[in-house]
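Coordinate inspection notes
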Amino acid sequence: MVSPYRKTLDRARRRLYDRNMDLRYPIGPFDWNTRPAANSRPELINQLAAAAALLRQAVAGLDDKQLDTPYRPEGWTVRQVVHHMADSHANMYVRLRFALTENQPTIKPYDEKLWAELSDARTLPVEPSLALLDNLHQRCVAVMRSFSQEDWSRAYMHPEEGMIHLDSVLAGYAWHCRHHTAHIIGLRERMGWNDAARHAAT
């Protein structure tokens, strides 16, 4: 069976040669109104469980100069992308737990662009964020695998996006993992750095 990350890489490669491709969205944007089918949830959870290891493979062997290369013109560096992933998924983890223990709580958004400009996001080695992402996902996956049908319908209120149900959270953050992994894989392919990007999608 072809893994979602192999599909991500193949799609990113095909789109490399599309002059009209938007490098911001190598696998396309995500609609937060999406409610995934119930039978797709186990695979989405598996994607979340595997995501940190696959992101680690995508950055394997990159030196500081490469980590500080933007994945697109005026975009974040690879280093910032990895730290952003940890920031974003830490927020997801907290929002998930609020939604499970409160009735449709209103969550606090954060400015991801400003967070990505903080000194740790611009300079820190990527390993702390890779480890954080792995541990966050272990916790999220464990609780999601215990969900009842009713739990998937629980939700939080995002002041900008509106009501977001937990099945949409699962789909959105599984997409988020593939999205940013594709940014890094696509950059490696365009730069011709080495073959490690290919192994990140297997």
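Residues numbered from 1 in each chain as written. Predicted model: local features only at pLDDT ≥ 70, side-chain atom pairs only at ≥ 80, totals over all residues. Heavy atoms only, no water.

Here the focus is the overall build of the protein. On a plain count of helices and strands, the protein comes out with 10 helices and 2 strands. For the protein, the succession of helices and strands along the chain, N to C, is α-α-α-α-α-α-α-α-β-β-α-α. Looking at the 202 residues of the protein, the share that counts as buried comes to 47%. Contacts in the protein between residues far apart in sequence, at least 24 positions, make up 78% of those at least 6 positions apart. In the structure as shown, the protein presents an accessible area of about 10400 Å², 50% of it carried by carbon and sulfur atoms. (Helix = DSSP H or I, 4+ residues; strand = E, 2+ residues; numbered from the N terminus. Buried < 20%, exposed > 50% of the residue type's maximum accessible area, 1.4 Å probe, protein only. Contact = heavy atoms within 4.5 Å. Areas by Shrake-Rupley, 256 points an atom, 1.4 Å probe, with all protein chains shown as cover.)

Our next topic: the packing of helix 2 (residues 41-59) against helix 7 (residues 127-144). For any two helices packed against each other, the geometry is given by the interaxial angle and the distance between the axes. Helix 7 packs onto helix 2 with a crossing angle of 170° between their chain directions and a minimal axis gap of 8 Å. Here helix 7 runs roughly antiparallel to helix 2, going by the angle between their axes. Where helix 2 abuts helix 7, its residues Ile45, Leu48, Ala49, Ala51, Ala52, Leu55, Arg56 and Val59 lie against Glu127, Leu130, Ala131, Leu133, Asp134, His137, Cys140, Val141 and Met144. Tallied by class, the residues present in the contact of helix 2 with helix 7 amount to 13 nonpolar, 1 polar and 3 charged. (Axes fitted to C-alpha atoms, helices over the stretch in contact; angles between N-to-C directions. Parallel < 35°, antiparallel > 145°, perpendicular 65-115°, else oblique. Nonpolar A, V, L, I, M, F, W, Y, C, P; charged D, E, K, R; others polar.)

Grouped together as the largest cluster of nonpolar side chains are 48 residues, with contacts concentrated most on Leu48, Val59, Met144, Leu166 and Ile184. Per-element accounting of this core gives the leading share, 12 residues, to helix 9 (residues 166-191). When residues no more than four places from it in sequence are discounted, the contact partners of Met144 are Ile45, Leu48, Leu96, Trp152 and Leu170. (Core = buried A, V, L, I, M, F, W, Y, C linked by side-chain atoms within 4.5 Å.)

Per the stated rule, a full pass over the model turns up 5 aromatic pairs. Here Tyr110 and Trp115 contribute two aromatic rings whose centre-to-centre distance is 4.5 Å and whose plane-to-plane angle is 50°, an arrangement assigned as tilted. Since its relative accessible area comes to 34%, Trp115 is described here as partly exposed. Members of the aromatic cluster, each reached through a chain of ring pairs, are Phe30, Trp32, Tyr173 and Trp175. (Phe/Tyr/Trp six-rings, centres within 6.5 Å; stacked < 30°, edge-to-face > 60°.)

With respect to the helices and strands, Arg95 occurs in helix 4 (residues 78-101). Buried charge without a partner: Arg95 forms no salt bridge, and the closest opposite charge is Glu160, 7.9 Å away. If we ignore the near neighbours within four places in the chain, the residues touching Arg95 are Ile107, Lys108, Pro109, Tyr110, Tyr156, His158 and Tyr173. (Lys, Arg positive; Asp, Glu negative; His and termini not counted. Salt bridge = Lys/Arg side-chain N within 4 Å of Asp/Glu carboxyl O.)

Attention now goes to the layout of surface pockets. It is the rolling of a water-molecule-sized probe over the atoms that shows where space remains empty. For the largest pocket, the calculated volume is near 960 Å³. In terms of lining, the largest pocket is formed by 30 residues, of which the most central are Tyr25, Trp32, His84, Glu112 and His176. Elements that contribute at least two residues to the lining of the largest pocket include exactly helix 4, helix 5 (112-116), strand 1 (155-158) and helix 9. In terms of residue count, the dominant contributor to the lining of the largest pocket is helix 9 (7 residues). In the lining of the largest pocket, the residues fall into 12 nonpolar, 10 polar and 8 charged. (1 Å grid on protein atoms, 1.4 Å probe; cavity = no way out; pocket = protein on both sides within 12 Å on 5 of 7 lines; lining within 4 Å. Points joined across faces, edges and corners; volume = space filled by probe spheres on them.)

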